[in-house]
Structure formats: C-alpha cells, structure tokens
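Residues per chain are reported as follows:
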Amino acid sequence: MPRSRPWMLAVAVIGLLLPVSVFAQIQPPTPEELAMKADPKAPGAAAVFLNYEESTDDNINFERISVRIKVLTEKGKELATVNAGYLKKVFTISDIKGRTIHSDGSIYPLEVKPETLLVNKSEEFEVNQKVFTLPNVEVGSILEYTMEVHWGEEWAFPPTWEVQQDYFVHKAHFTFVKTKYIGGYTMFLPVLPEGAKVKEDLAGRFTLDVTDIPAGPKEEYGPPENAVRYRVIFYYSGYSNKEDFWKYAGERWAKNVNRFAGEDKKLAEDAQGLVAGAATDEAKARKLYDAVMALDNTDFSRRKTKTELKDLHLKEARKATDIWNQKSGESDDLALLYLALLRSVGIKAYAMAVTDRGQGIFNPNIFSFYQFQDHRRDVEEIVVVAELGGKDVFLDPGQRYCTFGQLSWRHAFAGGIRQTEKGTELANTPGVTYKDAVMTRTAGLTVAADGSVSGTARITLSGPEALRWREMALTDGEDETKTQFNHWLEGILPEGVHGELGHFLGLAETNSVLMAVVPLSGQLGTLTGQRMFLPYTVFTSRKNHPFVEDATRMTAVDMHFAETVKDEVDYTLPEGYAVETLPADATESLPQHAIYKTAAVAAKNVVTVNRNMARNFVIIEPGSYGQLREFYQKLAAADQQQIVLTHTEK
Amino acid sequence: MLNRRVEWAVAVGMLAAPLMLRADNHSLFSSKDKGPVPDWGLTAAKTATPARVGTAGSVLLYSETVVTVDEQGHAVERERTVRRILKPQGREDGVCVAWYEEGTRINLLRGWTITGDGRQLQALEPDIGEFGDTQDAIMLSTERTRVARPPGVDPGAVVVCESESTFPTYIHEMNWRVQHDSPVVTESLEVDLPAGRHHAETWRGWAAVKAAEVHPGHFRWQVDNVPGLDLRLIPSVPAWRAMNGRMTVQWGDAAVEGTEAQWHAIGAWMEQLEAHKPDPTAEITAKAQALVAGAPDFYTKLSRISEYVQRDFRYFIVTRGIGGLQAHPAEQIYRNRYGDCKDKSTITISLLQAVGVTAHYVFVDTDRGVISPENPSLVGNHMITAIEVPEGEHDARLRSVVTGRSGKRYLIFDPTNQRTPLGVLPAYLQGGYGGLAAGGDSGLIALPVLEATANGTERKGKFTLAADGTLAGLVVTVHTGPVGGELRYLIKETDEKQRHDEIEHRLGEEIPGVTLESFKFVEPEHFDQPIELDYTVTARQYGRAMGALFLVRPHVVGELAAAFDNKPRTLPIELEQSGHWHEVISIALPDGFGVDELPDGANVETDFASYRSSYKVDGRTLEYERDFTVKQVLLSAERAGDFRRLESAIVADERATAVLKKQ
C-alpha cells in the first residue's frame, strides 16, 4: 500500500532525541543532598534524579532540559555519560554545560568539549549524537548538566514528557508552550500517577509538576514499556475529540483501503479461476488465502530497492492488482490483495488496522494511525475480516504461513480500527486460544543399564510457535533455523542429554502442524547401588520456568498468547530393572486460567509418562500475580518428579 | 523505547513544510564510480559452488586484497570480493563494507549484484549508508563504517565488491583473515613494497603458504578451498578469533627475522608510542605518595595504588584515530578520572612511577588464544600493566608474576578489571599471551595460569528438610580470586533489586520453586580479601514422597558442570578458569525418616582436573561433600574423552538422588 516514506525517517530516529539534560538554573546542592548516601525513597537504588526539568516552547523552536542526579553506588556512575541523538538538519543541540559536585562540595566543571558523532547517514538523512562525560565522578557525587535543543522554524515539535525514568525521580517539572502557527487543537495524553495533573493556563502553557516517581518497571513478560510508563504525549490535531477523529480519519483510511483493493477486471478473473470448484465461501476464502500465501512476502525476504525497481521497470504498487502482477509485496500489500480477491468473488470482507502487540497497545485517545505502523518493517499492520458462514473470521494473510482462521499473536487480542458495512469502527481482534497454540512433545527412549538413553523425539507445533520457526526459515533459511532450533532444544533438555534436529516436516506449509524429529542420546538416569532414577520427562529442564525472581508485580503479565503443552515419553527399561515407584498423578491449577496434569503408567518394561499444561490466558493483572507465581512454582517443583527403578538382578 | 516526540515532530513537520533531508555534507557515492561489473568480477562469478559448503549462507568465490606501501611505509588497501549467496541467511553477507577513522579515508567503495537471471545491478547512492561506532554507551569512537548494499541480493545471486582505503600512517602491518564464517574458494593477499623495504610474514591456525614474488618487492599469497568456521553449536570452545586461520605481514620495524625479534620490535614500537604518556605531574606524585604513606611492604604499596585506580577511575573509552592504540596523558586522565584500558594502565604506571616503582604496558586480548606466539602482530583488544618486582621481593600474594628475558620479574595486573585484586589475573587473561613494552625485555610474554588455590569458592549449606518436602536453610559462600572479582562486579554493576533478582534467578535455575528469603554480601574493603555471599532459601516440594520412598537431591545448589556433547571433537576445549571449589551440604532429615540408600559419590582424577564427592549420614543429618579442582584452562581436542568423563560425572553427581524411607 502506498505510504508516506517519511515514516522511514521517523523509524530511523526513534529513541534518539533522548534524555538530554538542560537546566535553566543550576541550583546549589543542599547539605542534605551532599550528605546523602542512600535514598530511603528508593532503597538500594544506584542513583536518583534529584531534579528533572524540561521546558519546550514550540513558538521559538526551543527546548531546555536540566538534570541533577545523585550517584549512590558504583553503577550510578554510568549516568555521567550522556548520549543525545538527533536528526541533523532538523535539530541542533547546544549550550551543553555540566559539572560534578563531590559530597564535600568541591566542583569539577565539564571542560572537555562534547563530541559530535555520526550515528548513521544515508541519502535521505543523517543522525548524529552529542556525547559527553562528566569528570571526576565518584560515589556520592551530584551530576548536573543542561542542554538546549533547537529546531527549524518549519517544524512544529510538541513534546513527549518522559515522566518516568530508569531511576527514581524526586522532583520533575515540565512546561510546554504550544505553537501559534498551526491551527487546530493541542491534545495531550497523560499516563500519570494518581494525583498528578497537567495544567494549562490561559496563555496556552502546559505545566506538570510531579514528585517521587519510581523507576520505570522492567519486568519479565511485561507489556510494551511505552504502554505502561508514566508519560505525557502532546500532539497537534485537527480534532478535539476521539469520536470525530476516528470517524473522519477512519473514513479517509477506509477510502484509501478501498481504492487500493478496488475492483479490477483481470484480478477478478484470476480470482474466479482460483476458486473454481469451491462450493462454499469458506472454501473459496481458503483457496484465495493459499494463493496469497504462495506469493513472495517481502517482510520475510527482501524489499526491492529503488535501484532494483528502476532496473526492473517497476513502480511502487498502487493497487492490489499491481501486487498480484508482481507476485510480491509487503505484508500490508498482501493483506489488501487478499481483501480485494475476497471481494472480487463476492465475499464480504473488511480491512482492520491493528497495533502490533509486541510494540504497543492501541490507545484510541491518541489521534494517530501511526499506532498501526510496524516500526520494524515500515508497514501497516493489517488483518482481514471476512464474513464466512454468517460469522466474522479474522485472517492474517500478511503473515506468511499463518494458519487460515488464526492471527499472528502480534495481531491477536489487539485493538484497532476496522471497516464495517456502514463505515468504520474501533474494534478488537480475538486472541490466540490454547487450542490454537499447541506444542506436543513425544519421545520413545530406550534406557540402558548405565542410565544412558537413546531414542527419538517428535515435537509438533501449531499456532504462534510454528509460525515463529516458519518465519525464521523464510528469513534465514532452513539450515540457520535448524541451528536456532538446536539452541532452543538445549534449553529444554536436561544436562547430559543431547538432541540435534534431524529434520523438520511442514516447515513451508500453512495449514498443517510443524514437526521436528530429533534423535536424542546421553546420560539421563542416575544410579545408586540398587536403583536408577529417571526424570519425569525429558523435555523439562530445570532452567526454563518463569516468574522466579519477582514476588510482586507493578505491571500486568502479558504472555502474548494462550497455549497447550502436551508431553508423552515412553521409557523402555533396561533388563535387570523394574519399576519400584512411579510418581503419583498430579494436578495443579490456576482457577479459570491454567491447568497442569501429570500421569504415569508402567506396562511390562515400558513406563509412559504424560504431562499436560493448558494455559488459557494472555494477560493477568498485577493483583493476580501472586497466584500466578504460586502456580508456576508448584509446576516447577512438580516437574522434578522422578521414576524410581530397582535393580532386580543381584 | 518509542520516542513519540520524534514521531510527531516528523509527522507534523511534514505536514507543515515538507523538507528535503538530503544529507549533503558529502555524497557517499560518486558518479564516476558508476559502471558495469568489472571483468574480474564477471570471471569470478562463474566459479562453481564447492560441493561441501555445510550450512553456510554464502560462499566467498574470490577474494583479492592488495596492499601497496609507499616509501614512507604508508599503505593503501584495495579489496575485491565475489560472493555467491546460497541461502536466505546469506543475504546479510551480501554487503560491501569499508572502514575509516580519523587520519584515514575511503577512496572507493563499489558493489554490484549479478542476479540469478544474469542482470547486473550496482549499488547507487540510495543503497549506500554510513554508520558511526556509537553502539556502546561507554565509548566515544570516531570510527565509521561505510556500507554499500547492492540490490537484488537473493539466493543464487553473486555480489561483487570493490573498495580502496588508506591505512593509518602508524600501522605497518596487514592482518589477513584467511578463514571466515563462510567457506572460501580462492583468496589472495598481495603486498607491494617499495624497493629495499623488508617484510616478514607469519601464519596462525593455517598452514603457511609460500609467497610468489610477482614483481620485485611485490609478493602474493594464495589460499584455496578454505572451510568456513562456525563454532556456535560447539560447547566449551575457545573464541572464534582464537580459532580462525590468519596471516600477518609486517613491513615496518617488526619486519625482522624470527618471531621473537618481531615481538620485541612490536613491544619497542608500543613503548615508543606511549612514551611520556605516564609522566606524573606534581599532583599525581602527591597523590601517589599520599596513597603509599606508611605502607608496610611492597605488596601493600602496590595494592593501595591499584585499588585506587580500580575504584576511582571510570571506564570510558575515548578513541580518536591513533587513540585506538595510544593512551591519553596521565595528567588528563587524572583530571577527568576516566579512561579506557590504555588510560588505566597509563595512570597506574604514572602513580607507580611517582613512588619509584617501574611499570610497563602489555597489550593483550580478552579472548585467550587470539594472540599467539607464532603470529607477531598488533592483533589484540586490551592493555594491561606489568609491574617490575624488585629483586628479593617474594611475597606470596604476588602470584601473577612472569620473568622477562633479562631475568627481571614482572607482576601482571589488569587495572581495567575493576574488581580482580592485584596479584592475580582475571580468568580470561590466564594462559594467554601479551606483548610487553619494556625496553630490552620487550617481546611476547606468556601470561600465567594461576594455581588452583588462587581462585574459587567455598560453599557451606545447612538445610532442614520437612516431612512435606520443604527444604529451608542457609548457604554461606566465600569467593576468592577472579571468582570473587566477578561477584564484586555484580555488586558494582547492579542495584539492590537487580542483585536480588539475579541471585534468585540463578537459584531458580537449580532449585525449581525456590524462594530467596534473604541475602547478604560481606565485601571487605580490599579486593584481595575473599568476598562472602550468604543467603537463605526455601524450596517447597524439594523432597518428594513416592509411595514408601522419599527422594531428595543432596546437591542443592552451585552447578559446576561445563557444557559438553558426545560428538567427535576436533577443536580445543576451553575450561575457562583454574580454581578450587569445595562444598559441604548438610540436610537435617525429617523425623520418622531414615536413609535407605545413598548415591555412590564420584571420583575422577585427571591431570587437568579432579572431582570427588561423597555422601554419608551422620545421625539425623545427610551430608554431601565435594571437591573440584581445575588446573588448566585449555585442553587439546584429543582430551575430549577425559573431558566428557569428568563433566558426565559432575552432571550425574549434581543430579544424584538419596532415598529415604519412613521408619
């Protein structure tokens, strides 16, 4: 789909114009600040921000940042080095001043001139970085620096106030004066702690004062950081409320979609040919889906460069039919091609733009379609909603090898805007259920009298995990995927047991499970004089259980998708050994959310163990974290059960 | 983290006033470089893909490097490569790259693709970018990389690259990488020297090839059919750079006969390069004298200075041109209290000099085996310090001592490692080599592998096992030498929560379901004192009732096994560090249970390591003890059988189960 290439620029500079500091007035440190050795408000912290000030005036294209930091431990010294990235020719950074103040009050000014370093440069833009490091920093020092940022008059630049930093902030003050030169509304989206409020005065100046802001959370299975950190996003808009924005901007978006996926005689003829013989809408939709899946998806291969397009006398695709003719396109192109194909055979179908859940959470209060942009690949995140058999079926034709009727987890359980019969509406996609994402691991292992084992494991995957390996194979090739799969195996097999992938089955298929066949060998059993002990299952090493570290939680747990894991292992016992004890069957549950069951049976010289875990949730709020952690701790411990064999030959 | 500020700025800015952001300082591509694929490229592109390429994503069909040296010894390097892309992951190899930094330049960078269907595509201005060396937050580097991405790089395509760039004027050697990640069909190096200039060549990890003298002073080496080197799935293997074949040609002061003489010349050159950098100022002298005032002995004198440098000088790299090799003046380092490894060595040498102790630079590599005696060169990535030990000084705390060819003894010390004490060496340096820059003693020195007692952990765990299987107890660990240094790094680099998470995470990998109840570091002020970490844990279901049996794993925590596999081994085995680990675990058994059977214990003795463990019951207490000593850091591939036997025994012992029965 044609899109504004300047987005490339935006992607390139993401994360660049960063915590530069600017202080309006350098205040002398207080005796308490100088003497501080630890901060009771941030126990154990390596450093704290004493003050953070950021003032932006979009009328004079100017921003000033001022920072004061107290270094409390060796680690805190790292804050003495400041890297501030910026887009050359748009921004300049100047008037950098800084100093280090020791706890005895002695002052060491920044005398070394800040360096300007190249980050990257291309035909279209150049990103530079100002780097400086404050001198003579020791534990107990106060670091102070200020910086000014300027941008060209032709730019309007409403700020995002990063209220939450990586370190505790005692006091922060933000101001923003909006530009007079752009009409419309100045909107802001606050994600702030209770009691904190952005104020606007009659002169159009916004201010925020906050105190005691904890360090930003970094938690295992956390939601995207930008969705949970305290911040205020300002932007200019032609709309004053979200209803109007999503209605009118949505209409424009839908019109663009319809233009791209519009009727085309040749495409319609081809579509009719593809669905020939299909009796139902679903059968037609599947045939068209397979046809689109067979095309080159450049998200996973390679996008043609300008030079190449010119050489091939190709132009950027403007319509779905162009994609069809080129047999190649980006994920959003292919999604809209599929939309066009469905429509051309008479199936009602709609486009839906969603936020990639790996990157963010859709927020209707941000008036921007940029929320639907995949920053990694510079494409729009598009799924297709088809009416099949009277039901909405969500499809993900832009994700090569995504099973028909399922979504990539990045597009599942995600918010966005969709077309409807009457126009557009904000909506959510369904999640990936535990029935969609199934991993089955079976192994038949022959145990020798010395405890060594040999045999073959078969691992079948469906849903997101299958899609992950298939996408990797597209991007990196089968050999590299095997290498990475073997790395993954190392993590799930116990020490001493070695597995190396023999081959994949179904690596390049869309609508079947992916199977990996893995010969296994190594030392699994441990011996005493009379007994041999075998782990309950060969697939669960001790090292891969989540939620070990944190007893409490600040943010929700986001496990991306629900899943089912089924293990079945047959141990053929060595001669001279018999089962003495099998682990008792066990069940653990997280009510409404997950269940774990184990069962073992012995028949003649074979012991068969089953381990099943079904998790039917994606997100759990922090309030329920304790139960979740408890469940996983029980599961981790239960996985350590052993089979006890007795030596029968004396 | 997404910086919406920039997003919006761009978005709004584009609406308000579309702006061309063409970077206009200087173009990355010159129209004079536009042209078809050169004949050499077309010819090489016809080379057949070798039958055995393994899992490689691409194959280098042809590589030709020509280094032309002028009368002043300044060099220009021209490189031509032709590479066939075999698999999708090979696309990342399909780029043409050239580097430059302050004082050097790129004269030419061109790249083409010959697509599978025979079309020729050249990388033009939109396909060329340049990148700074800004990935590392603790580095200020002026090095730049220019990258040309020829279009159409798909499996089956051939990528042709040509570049020309100048050497820094102070570099008089060419290090030729003979072996790559991907296989090579044919590659050559040519060095064209002015009349009368000598050269010396050495090889490492590859059989030497005799040069052809194409013209007088113009030498050519050619190597064919070089396999790719992929170490990713080989456990316990040395670093890639320590394993790949390479060759070095010297044409400067080090172009002399014999490797020993070359190493001496390199050391002398390094000494000259850093001359006067450590000269102490009055301020430095005063500080040094204050530090050593009242020091009772030589060791204390040194350690006061070494700990001062380790603690008070931040690690921050500033590299600008020759700054990649040459230190800043001690005065500047002292003023800023930061610097990189060269600077830290410089300030150490300076402070020592101020109190009458002589010290020198030693360039090393942080990966053992990268610097090797048979290949004199500047290859290396780190600088450390050699401190002259006076005659008659034989303090047992000075362990990392080497003897120069003059008979002088040098204490080897790494001031950049901010926690490993004076007297010992970080594990990554032991068993490697370094280039000493010390007058007549300049040359290669072998860095010692310290005796096992210089490093390791003593662990004592006292637990109580409840009848419901819950294990609870206290573990006291005492760490010495480099292992203690690593723990000190953990304290230095983390805050309290991160430390808690790190410790609990490590424990959780060994004891599923564990809860870290408390932990405490006892960190003495001086680095040469052992550091202690004590913690209490609770693990539910650690003991497991199974019918009449109750199973418990006596080894609770502290895995020692290294990674190994059962495949044939052709590469050396990396043991990482010498040391001694001793562990005593006692578990008070629940009432009503007695021991039915204990594991046998392990006993493996080799010349490079020994491992012993034992199990016993003392009253109501199950006791487990083990002792592990590693004496070497690197084994030849032939020792793979012994290595596997050792590691298998450790794994089995760590998993071993004791059987209790209800009485």
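Being a predicted model, the structure only gives us computed values, none of them experimental.

Criteria and thresholds
- Residues numbered from 1 in each chain as written.
- Chains lettered and ligands numbered in written order.
- Predicted model: local features only at pLDDT ≥ 70, side-chain atom pairs only at ≥ 80, totals over all residues.
- Heavy atoms only, no water.
- Helix = DSSP H or I, 4+ residues; strand = E, 2+ residues; numbered from the N terminus.
- Contact = heavy atoms within 4.5 Å.
- Areas by Shrake-Rupley, 256 points an atom, 1.4 Å probe, with all protein chains shown as cover.
- Lys, Arg positive; Asp, Glu negative; His and termini not counted.
- Charge placed at Lys NZ, Arg CZ, Asp CG, Glu CD.
- Buried < 20%, exposed > 50% of the residue type's maximum accessible area, 1.4 Å probe, protein only.
- Salt bridge = Lys/Arg side-chain N within 4 Å of Asp/Glu carboxyl O.
- pLDDT = per-residue confidence, 0-100.
- Axes fitted to C-alpha atoms, helices over the stretch in contact; angles between N-to-C directions.
- Parallel < 35°, antiparallel > 145°, perpendicular 65-115°, else oblique.
- Left-handed = near helix turned anticlockwise from the far one by under 90°.
- Domains from an automatic or database assignment.
- Buried area = accessible area lost by both parts, 1.4 Å probe.
- Polar contact = N/O pair within 3.5 Å; in protein donor to acceptor, adjacent residues only side chain to side chain.
- Pairing = 2+ DSSP bridges.
- Nonpolar A, V, L, I, M, F, W, Y, C, P; charged D, E, K, R; others polar.
- Phe/Tyr/Trp six-rings, centres within 6.5 Å; stacked < 30°, edge-to-face > 60°.

1. As for the overall build of chain B
Move 1: Along its length, chain B carries 11 helices and 38 strands.
Move 2: Each of the three principal axes of chain B carries a C-alpha extent, and together these read 90 × 65 × 65 Å.
Move 3: Within chain B, contacts between residues separated by at least 24 positions form 73% of all contacts whose residues are at least 6 apart in sequence.
Move 4: Carbon together with sulfur atoms contributes 51% to the accessible area of chain B, which is approximately 25,700 Å² in total.
Move 5: Of the charged side chains in chain B, 70 are positive and 92 negative, and the gap between their average positions amounts to 3 Å.

2. Some thoughts on the side chain of Glu647(B)
Residues and elements named next belong to chain B.
Move 1: Turning to its location among the elements, Glu 647 is positioned in helix 11 (residues 640-655).
Move 2: Arg 626 is the oppositely charged side chain nearest to the buried, salt-bridge-free Glu 647, at an N-O distance of 8.9 Å.
Move 3: Glu 647 has contacts with Leu 560, Ala 561, Ala 562 and Phe 564, leaving out every residue within four places of it along the chain.

3. What about the confidence of the model for chain A?
Move 1: With 95% of its residues at a pLDDT of 70 or more, chain A shows a mean pLDDT of 91.
Move 2: Considering only residues more than four positions removed or in separate chains, one finds that residues 1-24 of chain A, a stretch of pLDDT under 50, has 106 contacts.

4. A closer look at the packing of helix 5 (residues 282-292) of chain B against helix 6 (residues 298-312) of chain B
Residue and element names in this part refer to chain B.
Move 1: Packing of helix 5 against helix 6 leaves a shortest axis separation of 8 Å and a crossing angle of 125°. Considering the angle they form, helix 5 stands oblique to helix 6. Our pair here, helix 5 against helix 6, has a crossing hand that is right-handed. Touching Lys 287, Leu 291 and Val 292 of helix 5 are Lys 301, Arg 304, Ile 305 and Tyr 308, all from helix 6.

5. What about the domain arrangement of chain B?
Residue and element names in this part refer to chain B.
Move 1: The domains assigned to chain B are domain 1 (31-249), domain 2 (261-448) and domain 3 (453-662).
Move 2: In this structure, domain 1 and domain 2 have C-alpha centres spaced 34 Å apart.
Move 3: Facing 22 residues of domain 1, the contacting portion of domain 2 comprises 25 residues.
Move 4: Among the residues domain 1 hides against domain 2, the three largest losses belong to Ile 138, Tyr 170 and Arg 241. Together they make up 28% of the total.
Move 5: Linking domain 1 with domain 2 are 2 salt bridges, by the criterion used here.
Move 6: Here Arg 241 makes a salt bridge to Asp 367, at a shortest N to O gap of 3.3 Å.
Move 7: Joining domain 1 to domain 2, the criterion identifies 13 residue pairs in polar contact (both at pLDDT 80 or more).

6. Some remarks on the sheet that holds strand 17 (residues 349-354) of chain A
Residues and elements named next belong to chain A.
Move 1: Read from one edge of the open sheet, 5 strands run 21-20-17-22-23, paired in antiparallel fashion. Pairing within the sheet leaves two strands with one partner each, and these edge strands are strand 21 (391-395) and strand 23 (424-428). Geometrically, the sheet is characterised by an average inter-axis angle of 30° between neighbouring strands, direction not taken into account.
Move 2: Bridge count for strand 22 (residues 415-419) against strand 23 is 5 bridges, and the pairing is antiparallel. Paired with Gly 415 across the bridge in strand 23 is Asn 428.
Move 3: Against the sheet, helix 4 (residues 242-260) makes contact with strand 17, strand 20 (382-388), strand 22 and strand 23, and its axis sits at roughly 60° relative to strand 22, the strand it touches most.

7. Some remarks on the pairing of strand 25 (residues 452-461) of chain A
All names here are of chain A.
Move 1: Two strands pair when backbone bridges link them, and strand 24 (residues 438-447) and strand 25 are joined in this way by 9 bridges, in the antiparallel orientation. Its bridge partner lying in strand 25, Thr 446 is registered against Ser 454.
Move 2: Taking the residues that link successive antiparallel strands as the turn, the strand 24-strand 25 hairpin has 4 residues, and the phi of Gly 451 there is positive, at about 90°.
Move 3: Note: strand 25 against strand 28 (residues 514-523), 10 bridges, orientation antiparallel. The residue of strand 28 that forms the bridge with Thr 460 is Met 515.

8. Structural notes on the environment of Val184(B)
All names here are of chain B.
Move 1: Tracing the backbone through its elements, the reader meets Val 184 in strand 11 (residues 184-192).
Move 2: A residue is classified by how much of its surface remains accessible, and Val 184, at 2% relative accessible area, is buried.
Move 3: In the structure, Val 184 is positioned 138 residues away from Lys 46 in sequence and 14 Å away in space, judged by C-alpha atoms.
Move 4: If sequence neighbours within four positions are ignored, Val 184 has contacts with Leu 60, Val 178, Asp 224, Asn 225 and Val 226.

9. What to know about the interface of chain B and chain A
Move 1: Counting residues at the interface gives 109 residues for chain B and 125 residues for chain A.
Move 2: Summing both partners gives a buried area of about 10,000 Å² for chain B against chain A, and 54% of it is carried by carbon and sulfur.
Move 3: Taken together, the connections running from chain B to chain A amount to 10 salt bridges.
Move 4: At the junction of chain B and chain A, the tally comes to 33 residue pairs in polar contact (both at pLDDT 80 or more).
Move 5: No other element matches helix 1 (residues 4-16) of chain B, which puts 12 residues into the side of chain B that touches chain A.
Move 6: For the side of chain B that touches chain A, the residue count by class is 40 nonpolar, 27 polar and 42 charged.
Move 7: Looking at chain direction, strand 6 (residues 115-121) of chain A and strand 6 (residues 128-132) of chain B are connected through 2 bridges and run antiparallel. If you follow Lys121(A) over to strand 6 of chain B, its bridge partner there is Glu130(B).

10. Focus: the domain arrangement of chain A
All names here are of chain A.
Move 1: What the domain assignment lists for chain A is domain 1 (6-237), domain 2 (244-428) and domain 3 (438-647).
Move 2: Contact with domain 1, which involves 16 residues of that partner, is made by 14 residues of domain 2.
Move 3: Both sides together, the interface formed by domain 1 and domain 2 hides about 1,200 Å², and carbon and sulfur atoms give 66% of it.
Move 4: Scanning the region where domain 1 abuts domain 2 turns up 0 salt bridges.
Move 5: Our enumeration of links across domain 1 and domain 2 arrives at 2 residue pairs in polar contact (both at pLDDT 80 or more).

11. Focus on the pairing of strand 35 (residues 594-603) of chain A
All names here are of chain A.
Move 1: When strand 34 (residues 586-590) meets strand 35, the two strands line up antiparallel, connected through 5 bridges. Bridged to Leu 590 within strand 35 is Ala 594.
Move 2: In this structure, the hairpin formed by strand 35 and strand 36 (residues 606-615) is closed by a connection of 2 residues, where Lys 604 is found at a positive phi of approximately 55°.

12. A short note on the sheet that holds strand 11 (residues 185-191) of chain A
Either a parallel or an antiparallel arrangement is found when strands of a sheet pair, and the pairing is made through backbone hydrogen bonds.
Residues and elements named next belong to chain A.
Move 1: The 3 strands are arranged 9-14-11 in an open sheet whose pairing can be described as antiparallel. Looking at the sheet topology across the chains shown, the edges are occupied by strand 9 (160-162) and strand 11. Each adjacent strand pair in this sheet contributes to an overall mean axis angle of 10°, direction not counted.
Move 2: As judged from the 7 bridges shared by strand 11 and strand 14 (residues 231-237), these two strands associate in the antiparallel manner. Across the sheet, the residue bridging to Thr 186 is Tyr 236, located in strand 14.

13. Regarding the packing of aromatic side chains
Move 1: On inspection of all chains with the given rule, the structure shows 49 aromatic pairs over all chains.
Move 2: Taking the centre distance of 5.3 Å and the plane angle of 10° together, the rings of Phe245(A) and Phe367(A) count as stacked. Residue Phe245(A) is located in helix 4, and its partner Phe367(A) is located in the loop between strand 17 and strand 18 (373-374); the two are separated by 122 residues in the primary sequence. Residue Phe245(A) shares its accessibility class with Phe367(A), and that shared class is buried.
Move 3: Between Tyr308(B) and Phe313(B) the ring centres are 5.4 Å apart and the planes differ by 90°, which places this aromatic pair in the edge-to-face class.

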